[in-house]
Amino acid sequence: VLVGTALVAEGTDCLYRGAAKWAADAGRLVLGFLRGDGQAIAVDYCFVTGTAHYLVKTGFRPDFSAFAPGKLLRAFRIERAFDEGLAVYDFVGDDDPWKLEWTDTVRSTVTVDAFSRGLLGWIAQAADFIARTFGWVGRRVRRRMH
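Scope of this entry: the structure provided in the associated data block. (Residues numbered from 1 in each chain as written. Predicted model: local features only at pLDDT ≥ 70, side-chain atom pairs only at ≥ 80, totals over all residues. Heavy atoms only, no water.)

## Describing the environment of Asp 90
Point 1. With respect to the helices, strands and loops of the structure, Asp 90 is situated in strand β4 (residues 88-90).
Point 2. It is 9.9 Å that separates the C-alpha atoms of Asp 90 and Phe 47, two residues lying 43 residues apart in sequence.
Point 3. Apart from the residues lying within four places of it in its own chain, the contact partners of Asp 90 are His 53, Tyr 54, Leu 55 and Arg 107.
Point 4. At a separation of 2.7 Å, a polar atom in the side chain of Asp 90 contacts the main-chain amide nitrogen of Val 92. (Helix = DSSP H or I, 4+ residues; strand = E, 2+ residues; numbered from the N terminus. Contact = heavy atoms within 4.5 Å. Polar contact = N/O pair within 3.5 Å; in protein donor to acceptor, adjacent residues only side chain to side chain.)

## With respect to the sheet that holds strand β2 (residues 39-49)
Point 1. Spatially, four strands are ordered β1-β2-β3-β4 in an open sheet, and the strand pairing comes out mixed. Two strands bound the open sheet, and with one partner strand each, they are β1 (29-36) and β4. For this sheet, the mean inter-axis angle between neighbouring strands, taken without regard to orientation, is 25°.
Point 2. Across eight bridges, the pairing between β1 and β2 is antiparallel. Within β2, the position partnered with Gly 32 by the bridge is Asp 44. (Pairing = 2+ DSSP bridges. Axes fitted to C-alpha atoms, helices over the stretch in contact; angles between N-to-C directions.)

## A short note on the pattern of salt bridges
Point 1. According to the stated counting rule, one finds seven salt bridges in the structure shown.
Point 2. As a salt-bridge pair, Glu 101 and Lys 71 come within 3.1 Å of each other at their nearest N and O atoms. You can see Glu 101 sitting in the loop between α3 (97-100) and α4 (119-134) and its partner Lys 71 sitting in helix α2 (residues 69-83), a full 30 residues away along the chain.
Point 3. For Asp 90, the salt bridge identified is with Arg 107, shortest N-O distance 2.4 Å. Taken together, the residues span a long stretch of sequence, with Asp 90 in strand β4 and Arg 107 in the loop between α3 and α4 at a distance of 17 residues.
Point 4. A relative accessible area of 53% places Arg 107 in the exposed class. (Salt bridge = Lys/Arg side-chain N within 4 Å of Asp/Glu carboxyl O. Buried < 20%, exposed > 50% of the residue type's maximum accessible area, 1.4 Å probe, protein only.)

## Focus on α2
Point 1. Look at α2: 21 Å from first C-alpha to last across 15 residues, which is about the 21 Å you get at 1.5 Å a residue.
Point 2. For α2, the secondary structure elements touched by its buried residues are β1, β2, β3 (52-60), β4 and α3.
Point 3. Gly 85 sits one or two positions beyond α2 and adopts a positive phi of about 90°. (Expected span 1.5 Å × (residues − 1).)

## A short note on the nonpolar core
Point 1. Grouped together as the largest cluster of nonpolar side chains are nine residues: Val 30, Cys 46, Val 48, Leu 55, Ile 78, Ala 81, Leu 86, Tyr 89 and Phe 91.
Point 2. When residues of this core are traced back to their parent elements, those giving at least two are β2 and α2.
Point 3. Residues in contact with Val 30, not counting those within four places in the same chain, are Asp 44, Tyr 45, Cys 46, Val 48, His 53 and Arg 77.
Point 4. Core analysis: the next-biggest nonpolar cluster, separate from the first, contains five residues, Tyr 16, Ala 23, Tyr 45 and Phe 47 among them. (Core = buried A, V, L, I, M, F, W, Y, C linked by side-chain atoms within 4.5 Å.)

## Considering the pairing of β3
Taken residue by residue, a regular strand's side chains alternate between the two faces of the sheet.
Point 1. Strand direction decides the pairing type here: β2 and β3, joined by eight bridges, are antiparallel. Following the sheet pairing, Val 48 is matched in β3 by His 53.
Point 2. Turn length for the β2-β3 hairpin, with the two strands adjacent in sequence and antiparallel, is two residues, and the turn residue Gly 50 shows positive phi of about 60°.
Point 3. Relative to β4, β3 is paired through three bridges, and the arrangement is parallel. From the neighbouring strand, Ala 52 faces β4, where its bridge partner is Val 88.
Point 4. Between β3 and its parallel partner β4, the chain crosses via α2, and the hand of that crossover is right-handed. (Right-handed = clockwise from strand over helix to strand, strands pointing away.)

Okay, structure coming up:
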C-alpha cells in the first residue's frame, strides 16, 4: 500500500519502525486499514496519547483512487476517535489541501533540537546542520552515528 512513501524509504524506514515499536510497547500505536478484495487499499499509521489521535502517515493504492479509499478510511477513523472519547484528531504536518477538506483549524509546530555537551553532541549538532543544509550527505553522516 505505501510503496514509495517515507514509511518504507531507505533511511527513514528504521525511524518509523522504531517509533512504531515504541508506540506499540506503550499501547499508543494505531494502524487503520481499509480492505477490499481481501487486500489493504488504504492504511493509516497513527499514535494516540492522552486525548489526541495523531495521523503520522497515510496512504492508499492509486488503482483504487476512483473509490476515494483515503477519504473513506479518514471518515471512519475520525468518527472512531471521537467515539472512543478523544478530544483531538490531529492531521500532523503541513496544511495540505486534502487536510483542509476536513478542517479549517491550523496549528503551528515548533521543533526543538537538543544535543548533549561534549564532542559527540557537537558532532551530532554538526551532522544535523549538514543534513538540513546539504541533504543526503548530512543524513548519511547522521545515520552512521547511530
